[in-house]
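Read off the chains here:
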Amino acid sequence: MTEIRTPRLLLRRWTDDDLVPMAEINADPEVMRWIGDGSVRDLEQTAEDIERWEEEWDDEGFGLFAVELLASGELIGFAGLSVPDFLPEVLPAVEIGWRLGRQYWGHGYASEAAHAALEFALQDRGLDRVVSITHISNTASENVMRKLGMVPERDTNHPVFGVPLRVHAIDLSEYQG
């Protein structure tokens, strides 16, 4: 089982106990406003998401980690790697992404988890390039991307929802950690 420990977080594979807390995160309109068309996701949709994320681990050898606080064991969201199939123009690519419950925003957890996932991409999976995609107005995620050393590569629109997106990228041969 793949696990990464940071000073405050545990990044790990998904368990059945993660479904309800992740569904609560996905049900928050403020969390979901930057995802796809901004629609919230219910328990069944979240179960399908987690199943798909676990399949990606099996198929690709990487995926989205469940992220929990080491101090309490609380699930606070996810961070990790995925193939951004929703945006064919950037393929082939691996995307780093994250989603945390609103009460965990502003504590540096997204940057800490994303930094660990980026090191995993470079050191454990040998990837040479990673992208990250966000709504252009999502300045909080863009700040995390900058902290990771990612630079804007292109602006585009979501092919289904039409929202403006910005693609950031990092060449991992230049990654400083």
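See the structure shown above.
Residues numbered from 1 in each chain as written. Predicted model: local features only at pLDDT ≥ 70, side-chain atom pairs only at ≥ 80, totals over all residues. Heavy atoms only, no water.

Participant: Kindly report on the pattern of salt bridges, identifying the contributing residues and their values.
Facilitator: For the structure shown, the criterion picks out 13 salt bridges. A salt bridge links R12 to D18, with the nearest nitrogen and oxygen atoms 2.8 Å apart. Across the pair, exposure class does not vary: R12 and D18 are buried alike. Three or more residues are tied together by salt bridges with common partners; here these are R12, D18 and E68. (Salt bridge = Lys/Arg side-chain N within 4 Å of Asp/Glu carboxyl O. Buried < 20%, exposed > 50% of the residue type's maximum accessible area, 1.4 Å probe, protein only.)

Participant: Any chance you could break down the nonpolar core for me, citing the residues and the numbers?
Facilitator: Grouped together as the largest cluster of nonpolar side chains are 34 residues, with contacts concentrated most on I96, W98 and V130. Of all the elements in the fold, those that place two or more residues in this core are β2 (9-12), β3 (64-69), β4 (75-82), β5 (95-100), α4 (109-124) and α5 (139-147). Broken down by element, the residue count for this core peaks at nine residues, all from α4. Those residues in contact with I96 that sit more than four places away from it in its chain are G80, L81, A114, A117, L118, V130, V131, S132, L148 and M150. One finds I25, V31, M32 and L64 within the second-largest nonpolar core, a separate group that totals eleven residues. (Core = buried A, V, L, I, M, F, W, Y, C linked by side-chain atoms within 4.5 Å. Helix = DSSP H or I, 4+ residues; strand = E, 2+ residues; numbered from the N terminus. Contact = heavy atoms within 4.5 Å.)

Participant: Describe a negative patch on the surface, and please don't skip the residues or the numbers.
Facilitator: Together, D42, E44, E48, E51, E55, D59, E60 and D85 line one region of the surface with negative charge. Along the chain, the position of E60 falls in helix α3 (residues 43-60). By relative accessible area, E60 is classed as partly exposed at 42%. (Patch = residues over 30% accessible without salt bridge, like charges linked within 9 Å, V, L, I, M, F, W, Y side chains within 5 Å. Areas by Shrake-Rupley, 256 points an atom, 1.4 Å probe, with all protein chains shown as cover. Lys, Arg positive; Asp, Glu negative; His and termini not counted. Charge placed at Lys NZ, Arg CZ, Asp CG, Glu CD.)

Participant: Give me the environment of I35: which residues, what numbers.
Facilitator: Inspection of the secondary structure assignment puts I35 in the loop between α2 (29-32) and α3. Classification of I35 as partly exposed rests on a relative accessible area of 29%. A sequence separation of 64 residues divides I35 from R99, and the C-alpha atoms of the two residues are 9.2 Å apart. Those residues in contact with I35 that sit more than four places away from it in its chain are R99 and H135.

Participant: Which residues make up helix α1 (residues 19-26), and what values do they have?
Facilitator: Of the residues making up α1, those classed as buried are M22, A23, I25 and N26. In a view along the axis of α1, the buried residues occupy a sector of 155°, so they form one face of it. In this fold, the buried residues of α1 make contact with α2, α3, β4 and β5. (Arc of directions from axis to C-beta.)

Participant: Lay out the pairing of β5 in plain terms, naming residues and giving numbers.
Facilitator: With six of six residues buried, β5 is to be regarded as a mostly interior element. Burial along β5 is two-sided: E95, G97 and R99 and I96, W98 and L100, pointing in opposite directions, are all buried. Where β4 lies against β5, six bridges are found, and the strand directions are antiparallel. By the bridge assignment, G80 is partnered in β5 with G97. (Pairing = 2+ DSSP bridges.)

Participant: Help me get a handle on the pairing of strand β8 (residues 164-171), residues and values and all.
Facilitator: The buried count for β8 comes to six of eight residues, which makes it a mostly enclosed element. As paired strands, strand β7 (residues 151-157) and β8 are joined by six bridges and run antiparallel to one another. Looking at β8, one finds that T156 is bridged to L165. Linking β7 to β8, which pair antiparallel, is a turn of six residues; within it G162 sits at a positive phi near 75°.

Participant: I'd like to hear about the packing of α1 against α3, residue by residue, with values.
Facilitator: Packing of α1 against α3 leaves a shortest axis separation of 9 Å and a crossing angle of 115°. Taken together, the axes of α1 and α3 are roughly perpendicular relative to one another. The two elements α1 and α3 meet at a crossing, and its hand is right-handed. Contact with α1, carried on its side by L19, V20, M22, A23 and N26, involves L43, T46, A47, D49, I50 and W53 of α3 and no other residues of that element. Among the residues making up the contact of α1 with α3, the classes are represented as eight nonpolar, two polar and one charged. (Axes fitted to C-alpha atoms, helices over the stretch in contact; angles between N-to-C directions. Parallel < 35°, antiparallel > 145°, perpendicular 65-115°, else oblique. Left-handed = near helix turned anticlockwise from the far one by under 90°. Nonpolar A, V, L, I, M, F, W, Y, C, P; charged D, E, K, R; others polar.)

From the geometry alone we can't say anything about function, so treat these as descriptive.
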